[in-house]
Amino acid sequence: LQAQQVTVTSKILFISLLPAWSETMVLLFLLFFILGIFSYLTSKFIKDKKTALITYFTLAVTLGTTTIALIWAGLHRIVYGASDVAMAFTFIFGFIGSLMTILTGTFIPFWIWHLFNNIYSGLNALVPSNEDIIFISVLLWLLFFGFYIAFEFINRRIKKNKTSVNDSF
């Protein structure tokens, strides 16, 4: 019986991508559910739209993010056990991640942040030198920002072409 070859890259991707996606999406589902409840309650009981919007975002930023941060820390208690420092950081991580989601209106920054956090954690366990981790992380961030800039450039070009076609008619 011959064992399959598992490279460091495939091991890092496996231990980073799956947990980052599944954990983030489950917690964001709960966050969106909580935000839906807040939206329903503020629209039902507060008739002034401006006051309802302010109340909604106040509830979202205070209660919603804190609830998700507590659930996030509770979920990671399985991994970190009795380490109070690790639990405090996971609470802060969940709070900032859910706050980023609320403020930006998309889950992508939180997911990318969680993904890179898991990648660095996995690299720290598998790569012997910290200089290698720094080199790999710089390459990953450059790759990520390169894709992002290319996406923005292509998106701007498409919008520019659509407006120029519509102006010609």
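Residues numbered from 1 in each chain as written. Predicted model: local features only at pLDDT ≥ 70, side-chain atom pairs only at ≥ 80, totals over all residues. Heavy atoms only, no water.

**Quick word on the packing of aromatic side chains**
For the structure on display, the rule yields 10 aromatic pairs. Judged by centre distance (5.7 Å) and plane angle (25°), the ring pair of W72 and F93 falls under stacked. One end of the pair, W72, is in helix α2 (residues 49–80); the other, F93, is in helix α3 (residues 84–104), with 21 residues separating them in the sequence. Looking at F93, the relative accessible area reads 11%, which means it is buried. Ring centres 4.1 Å apart and planes at 25° place the aromatic pair F93 and W113 in the stacked group. Taken together, the positions of F93 in helix α3 and W113 in helix α4 (residues 108–126) put the pair 20 residues apart, joining distant regions of the chain. (Phe/Tyr/Trp six-rings, centres within 6.5 Å; stacked < 30°, edge-to-face > 60°. Helix = DSSP H or I, 4+ residues; strand = E, 2+ residues; numbered from the N terminus. Buried < 20%, exposed > 50% of the residue type's maximum accessible area, 1.4 Å probe, protein only.)

**Quick notes on α4**
A rise of 1.5 Å per residue sets the reference length of α4, with its 19 residues, at 27 Å; its end C-alpha atoms lie 27 Å apart and thus fit the reference within 8%. Among all positions in α4, only F110, W111, I112, H114, L115, F116, N118, I119, G122 and L123 are buried. (Expected span 1.5 Å × (residues − 1).)

**Examining the confidence of the model for the chain**
Residue-level pLDDT values for the chain average 86, and 94% of them are 70 or greater. Mean pLDDT in the chain bottoms out at helix α5 (residues 130–168), which sits at 81, and peaks at α2, which reaches 93. (pLDDT = per-residue confidence, 0-100.)

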